[in-house]
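# Topology and contacts: notes
This is what each chain is made of:
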Amino acid sequence: MLLQSPIIAFTILLLVIFTVPPIFEKLRLPGLVGLLIAGVLLGENGLKLLNSESETIKLLSEIGKVYLMFVAGLEIDLEQFRKTRNRSIGFGTLTFLVPLIAGIVVGKLFNFSWNTSVLIGSLLASHTLLAYPIVSRLGVVTNEAVTVTIGATIFTDTGALLVLAICVGIHGGEFTALSLITLLGGLAIYSAVVLFGFDWAGKEFFRRSGDEQGNQFLFILLALFIASVGAQVIGVEKIVGAFLAGLAVNDVLGRSPVKEKVEFVGSVLFIPCFFVDMGLLIDIPAFIKTLSSVWLAAAIVVALIGSKFTAAFLAKLLYRYNTPEMLTMWSLSLPQVAATLAAALVAYETVNPAGERLINEGVLNSIIVLMLVTAILGPVITARFATRLTVSQTDWAKDKLSTWWQADSCDVDLDEQTQYPFTVVVPLYNPQTQRYLIEMAALLARHESGKIIPLAIAKAHVQMDDPCLTTALDQSQQRLKGVLEISQEFGVEVSPAVRIDDDVALGICRTSREQNASLVVMGWSRNTGIRARLFGNVIDSVFWSSHCPVAVTRLLSSPTTIQRILVPVGDLTRQTIGAVRFAQILADANHAEVVLLHVGDRRTPEIQIDKFKSQLSVIASESKLQVNTDIQTITGDDVARVIIREAKTFDLVVLRSTRYRTAGGLAVSEVTSQVIKELTCSIVLLGEPHS
C-alpha cells in the first residue's frame with residue numbers, strides 16, 4: 001500500500017533521475033539508456049517498485065512525451081534549414097523515403113498488416129541529432145553536408161509524425177477516403193493555425209512583456225499544451241501538436257534565456273520520466289522467449305542502418321559530396337530517439353475496437369533495441385569521420401571583420417557604426433578585483449583611442465526615497481571614486497556611471513546598449529560558477545542579453561604584466577577570429593606575444609592539419625598589428641588536458657564561451673568548463689552577441 005502512494009512513486013523517480021544518468025555517462029553511455037534500464041529493473045519484471053499503470057507515472061510520462069516532441073521541434077535550427085533549403089529537402093526526402101520503404105518490407109516479411117508495416121517504416125524514417133555536440137565541438141557545423149543533415153531533420157520528423165497520424169486514424173476504426181481527406185484537411189488547417197498563429201502571438205506577447213521571463217516561460221508552456229489539446233480535438237495524436245508548437249515558437253524564442261529554461265525543465269524532470277516509463281513497458285523475459293521478436297529486432301536494426309546508409313550514399317552521388325561527408329551524414333541521421341520512441345509508444349497504446357494494438361510488444365521492444373544501438377553507434381561513427389571534414393575558405397572568410405568588436409546584430413550601416421568611439425563598459429561590484437578590471441579596460445581603450453565607462457548598479461526599490469536605495473547609491477559612488485585615479489595613469493577618457501535597475505545583468509546590458517559600447521569587461525572569482533542552468537547568474541545573463549562582445553576575466557595579476565597569451569583555437573569561425581583579435585590587441589598594448597594553439601584529433605590526416613594551420617596563419621597575419629603571433633598544433637585525445645598542460649608557461653589564456661545543445665538541454669562546453677576549473681593563470685572568457 002505504501003508503494004501505491006503517488007509521493008513514494010515520485011520520490012523513486014526523482015532518485016532514479018538524479019543518480020542513474022551520471023553513472024552511465026561516466027561509462028560513456030547515454031544517460032537515457034540508464035533510465036530505460038532503471039525502468040526495467042524497477043518495473044513488473046524486476047523489483048515491482050513502480051507501476052506503469054499508476055496515475056502518477058501516467059501523468060508524468062504523458063507530459064514527458066509531449067515535452068520531448070516539443071523540444072525536438074524547438075531544437076531544429078531553422079536558420080541552418082533556410083541556408084540549404086533545397087538540398088535539405090532533397091536529403092530529407094531520401095532519408096525519409098528509403099527507411100520508410102525498408103520498414104514496410106520488414107513489416108510484410110513478418111506478416112504484419114499494411115497499416116502496421118507503414119507505421120514501422122515511419123518509425124525508421126525520422127532521426128535525432130544526438131551527435132550534434134560532436135560536430136559543434138569539432139567546428140565543422142558550417143560544412144554543407146552537416147548543415148544539410150541538420151536541415152533535413154525538420155522534413156523527416158514532420159513526415160514521420162504525419163504518417164503516424166494517418167496510421168493511428170486508420171487503425172481506430174472504419175476509415176474511408178472521405179475520412180482520410182477530412183483528416184488531412186483538418187491537419188493542414190490546424191498546422192497553419194499553430195505554425196503561423198502561435199508564431200505571431202508569441203512575438204506579440206514577448207514584445208509587450210519585455211523582460212518578464214516568468215510570464216514568457218508560462219506562455220511557452222501554455223502554447224505547448226494548447227497545441228497538444230488542439231491536435232486531439234481534430235483527431236490527431238497530441239505529439240504532432242507538440243512538435244508543431246516547438247517549430248512555431250522556435251523563431252520567437254531564438255537563443256533567449258527563456259528557451260534554456262524551457263528545455264531545462266523538460267530535460268531534468270519530464271523527459272526522464274518518459275524514458276523510465278518506456279523501461280517499465282519492456283518485458284525482457286517475454287522478448288527473449290519469443291525468438292521471432294529477436295529476429296524482428298535484428299531485421300529492424302539492419303534495415304535502419306542499411307537504409308540510412310543508402311540515403312546518404314544517394315545524396316553523395318546527387319550533390320557530389322566526398323566519402324567523409326557521406327559517412328558523417330549517415331552517422332548523424334542514424335540515432336532514433338525522440339520522435340521514434342514517442343511515436344512507438346503512441347502506436348503501442350493505440351487499440352482498435354477489436355482490442356488489437358497498432359504495434360505489438362515485439363515491435364515496441366525492437367524499437368527500444370534500435371534506440372539503444374543507434375544512440376551508441378551514431379555518435380561513435382560521427383566522432384570517427386567528422387574529424388576529416390573540412391570547412392571551405394569561403395565559409396570562414398566571409399566571417400572576417402575589419403574590426404573584431406563590431407557587433408553584427410545592429411540594424412545600422414557599417415559607416416554609421418564606425419562613427420562611435422571604442423567604448424568599454426566595466427561593471428564594478430567587487431572592490432578587490434576592480435583595479436585589474438579597470439587596467440584591462442584602459443589598456444584596450446587606449447590602444448583603440450576610446451573611452452571606458454565604469455558602471456555601478458544600485459538595486460531598484462519601489463519608493464525612490466527608500467533609505468536602502470540611498471545607501472546603495474552611496475556605496476556605488478564609493479566604488480567609482482578610485483577609478484579616475486587609475487584611468488589617469490593610462491591617459492584614457494573616463495565617464496563613470498551609476499544606474500538604478502531592478503536587474504543587475506539587464507542594467508549592465510541596457511547601459512552598454514545606450515552607450516553603444518564596443519565591449520563589456522567583467523570580473524568573476526574562482527568560486528563563481530559559469531554554468532547557470534535554471535535561473536542563471538549575472539555573467540550568464542549578460543552573455544545572453546548583451547549586444548556586444550563580453551570579456552569575463554579572472555585576473556591574478558595586473559594586465560600590464562602580461563607577456564605571453566595563449567589562445568586555444570578549435571575551428572575557423574567569426575568567434576575564433578574575435579578571440580584572436582582580442583589577444584592581438586592586448587598583446588600589442590603590452591608588447592607581448594600570442595600563441596594560437598590547435599589541438600587536433602590523432603586520426604586527422606596530416607594534410608588536413610597543415611591546411612588548417614595555413615588558414616589560421618592567414619587569419620593571424622591579416623591583422624595590421626605588429627604582434628608576434630605563433631601557431632602551435634598538437635595532436636591529443638583529451639583537448640582540455642593538452643590546453644591545461646601548455647598553459648603553464650603563459651600569463652593569460654583567452655577562451656571562447658562555446659555553448660552547445662545536448663539531449664539534456666544547453667550547457668557550456670565541457671572542455672571550457674574543465675580548462676577554467678584547472679588553469680592556474682589569468683583567464684579571459686569571451687562571449688559573442690547572440691541576437
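Residues numbered from 1 in each chain as written. Predicted model: local features only at pLDDT ≥ 70, side-chain atom pairs only at ≥ 80, totals over all residues. Heavy atoms only, no water.

## A few points about the overall build of the protein
- A count of helical and extended segments in the protein gives 29 helices and 13 strands.
- Across the 691 residues that make up the protein, the buried fraction comes to 57%.
- Of all intrachain contacts in the protein linking residues separated by at least 6 positions in sequence, the fraction that spans at least 24 positions is 80%.
- Accessible surface computed for the protein: about 29600 Å², of which carbon and sulfur atoms make up 59%. (Helix = DSSP H or I, 4+ residues; strand = E, 2+ residues; numbered from the N terminus. Buried < 20%, exposed > 50% of the residue type's maximum accessible area, 1.4 Å probe, protein only. Contact = heavy atoms within 4.5 Å. Areas by Shrake-Rupley, 256 points an atom, 1.4 Å probe, with all protein chains shown as cover.)

## Some thoughts on helix α26 (residues 574-590)
- Its 17 residues give α26 an end-to-end C-alpha distance of 25 Å, which sits within 8% of 24 Å, the value for a rise of 1.5 Å per residue.
- Taking burial as the measure, the 17 residues of α26 include 15 buried ones, the bulk of the element.
- Immediately beyond the C-terminal end of α26, within one or two residues, lies His 591, with a positive phi of roughly 55°. (Expected span 1.5 Å × (residues − 1).)

## As for unusual backbone geometry
- Notably, Lys 48 is not glycine yet its phi reads approximately 60°, a positive angle.
- Inspection of the secondary structure assignment puts Lys 48 in the loop between α2 (31-42) and α3 (55-74).
- Phi at Asn 516 takes a positive value of approximately 50°, unusual for a residue other than glycine.
- By the secondary structure assignment, Asn 516 is in the loop between α24 (504-514) and β5 (519-523).

## Brief notes about the pairing of strand β2 (residues 451-459)
- Burial analysis of β2 places eight of its nine residues in the buried class, which makes it a mostly covered element.
- Of the strand pairs in this sheet, β2 and strand β3 (residues 493-494) are connected by two bridges, and their pairing is parallel. Within the sheet, the bridge partner assigned to Lys 451 lies in β3 and is Glu 493.
- As judged from the five bridges shared by β2 and strand β4 (residues 497-501), these two strands associate in the parallel manner. Along β4, the bridge assignment pairs Lys 459 with Asp 501. (Pairing = 2+ DSSP bridges.)

## Digging into the nonpolar core
- In terms of nonpolar packing, the biggest core is built from 128 residues, with Leu 50, Tyr 67, Met 69, Phe 70 and Phe 275 touching the most fellow members.
- Sequence-distant contacts of Tyr 67, that is, excluding residues within four places in its chain, are made with Leu 221, Leu 224, Val 262, Val 265, Gly 266, Phe 270 and Ile 271.
- Grouped together as the second largest cluster of nonpolar side chains are 51 residues, Leu 437, Leu 444, Leu 480 and Ala 589 included. (Core = buried A, V, L, I, M, F, W, Y, C linked by side-chain atoms within 4.5 Å.)

## Topic: the pairing of strand β6 (residues 550-554)
- Counting buried positions along β6 gives five out of five residues, so the element sits mostly inside the fold.
- Of the two faces of β6, the one carrying Val 550, Val 552 and Arg 554 and the one carrying Ala 551 and Thr 553 are both buried.
- Bridge analysis of β5 against β6 gives four bridges, and the strand direction is parallel. Across the sheet, the residue bridging to Val 521 is Ala 551, located in β6.
- Two strands pair when backbone bridges link them, and β6 and strand β13 (residues 682-687) are joined in this way by five bridges, in the antiparallel orientation. Looking at β13, one finds that Ala 551 is bridged to Leu 686.

## Looking at the pattern of salt bridges
- The full count for this structure, using the stated rule, is 15 salt bridges.
- We note a salt bridge from Glu 514 to Arg 499, for which the minimum N-O separation is 3.0 Å. Here the residue Glu 514 occupies a position in helix α24, and Arg 499 occupies one in strand β4, the gap between them amounting to 15 residues.
- A relative accessible area of 53% means that Glu 514 is categorised as exposed.
- With a relative accessible area of 18%, Arg 499 lands in the buried category.
- Put simply, Arg 564 and Glu 593 hold a salt bridge, and the shortest N to O gap is 2.7 Å. Of this pair, Arg 564 sits in strand β7 (residues 564-568) while Glu 593 is found in strand β8 (residues 593-600), placing the two residues 29 residues apart along the sequence. (Salt bridge = Lys/Arg side-chain N within 4 Å of Asp/Glu carboxyl O.)

## Some words on the confidence of the model for the protein
- Across the protein, the average pLDDT comes to 79, with 86% of residues at or above 70.
- In this model residues 396-418 is a low-confidence stretch, pLDDT under 50, and it forms 41 contacts with partners more than four residues away in sequence or in other chains.
- Below a pLDDT of 50 lies the segment residues 527-536, which in the model reaches 23 contacts outside its immediate sequence neighbourhood of four places, other chains included. (pLDDT = per-residue confidence, 0-100.)

## Overview of helix α28 (residues 639-646)
- The element α28 is largely enclosed, with a buried count of six among its eight residues.
- Of all the positions in α28, only Val 639, Ala 640, Val 642, Ile 643, Ile 644 and Glu 646 are classed as buried.

## Brief notes about the packing of aromatic side chains
- The final tally for this structure, using the stated rule, is eight aromatic pairs.
- Pairing Phe 205 with Phe 219 gives two aromatic rings, centres 4.7 Å apart and planes at 10°, and the pair type is stacked. Note that Phe 205 is positioned in helix α9 (residues 177-209) and Phe 219 in helix α10 (residues 213-233), a separation of 14 residues in sequence.
- Taken together, the ring pairs connect Tyr 67, Phe 70 and Phe 270 into an aromatic cluster.
- The residue whose ring lies beneath Arg 384 is Phe 385, and the NZ or CZ to ring-centre distance is 5.4 Å. (Phe/Tyr/Trp six-rings, centres within 6.5 Å; stacked < 30°, edge-to-face > 60°. Lys NZ or Arg CZ within 6 Å of the ring centre and 35° of its normal.)

## Brief notes about the environment of Ser 476
- Position of Ser 476 among the secondary structure elements: in helix α22 (residues 467-481).
- Accessibility expressed as a relative area gives 0% for Ser 476, which makes it buried.
- Note: C-alpha distance between Ser 476 and Tyr 429 (47 residues apart in sequence) is 8.4 Å.

## Details of the packing of helix α6 (residues 114-125) against helix α8 (residues 144-171)
- Here α6 crosses α8 at 160°, and the two axes come no closer than 9 Å. By the angle class used here, α6 and α8 are roughly antiparallel. Judged by the sense of rotation from one axis to the other, the crossing of α6 with α8 is left-handed. Contacts between α6 and α8 involve Asn 115, Val 118, Leu 119, Ser 122 and Ala 125 from the first element and Thr 156, Ala 160, Val 163, Leu 164, Cys 167, Ile 170 and His 171 from the second.
- Of the residues belonging to the contact of α6 with α8, the class tally is eight nonpolar, four polar and no charged. (Axes fitted to C-alpha atoms, helices over the stretch in contact; angles between N-to-C directions. Parallel < 35°, antiparallel > 145°, perpendicular 65-115°, else oblique. Left-handed = near helix turned anticlockwise from the far one by under 90°. Nonpolar A, V, L, I, M, F, W, Y, C, P; charged D, E, K, R; others polar.)

## Description of the side chain of Ser 558
- You can see Ser 558 is positioned in the loop between β6 and β7.
- Of the polar contacts made by the side chain of Ser 558, one reaches the side chain of Glu 439; its length is 2.4 Å.
- Beyond its immediate sequence surroundings of up to four residues, Ser 558 is in contact with Tyr 436 and Glu 439. (Polar contact = N/O pair within 3.5 Å; in protein donor to acceptor, adjacent residues only side chain to side chain.)

## A word on the environment of Leu 36
- Note that Leu 36 resides in helix α2.
- The buried category is assigned to Leu 36, whose relative accessible area is 3%.

## Concerning a nonpolar patch on the surface
- Among the surface-exposed residues, Leu 97, Ile 101, Val 105 and Leu 109 lie close enough to one another that they form a single nonpolar patch of about 380 Å² accessible area.
- Under the relative-accessibility criterion, Val 105 is labelled partly exposed at 44%. (Patch = residues over 30% accessible without salt bridge, like charges linked within 9 Å, V, L, I, M, F, W, Y side chains within 5 Å.)

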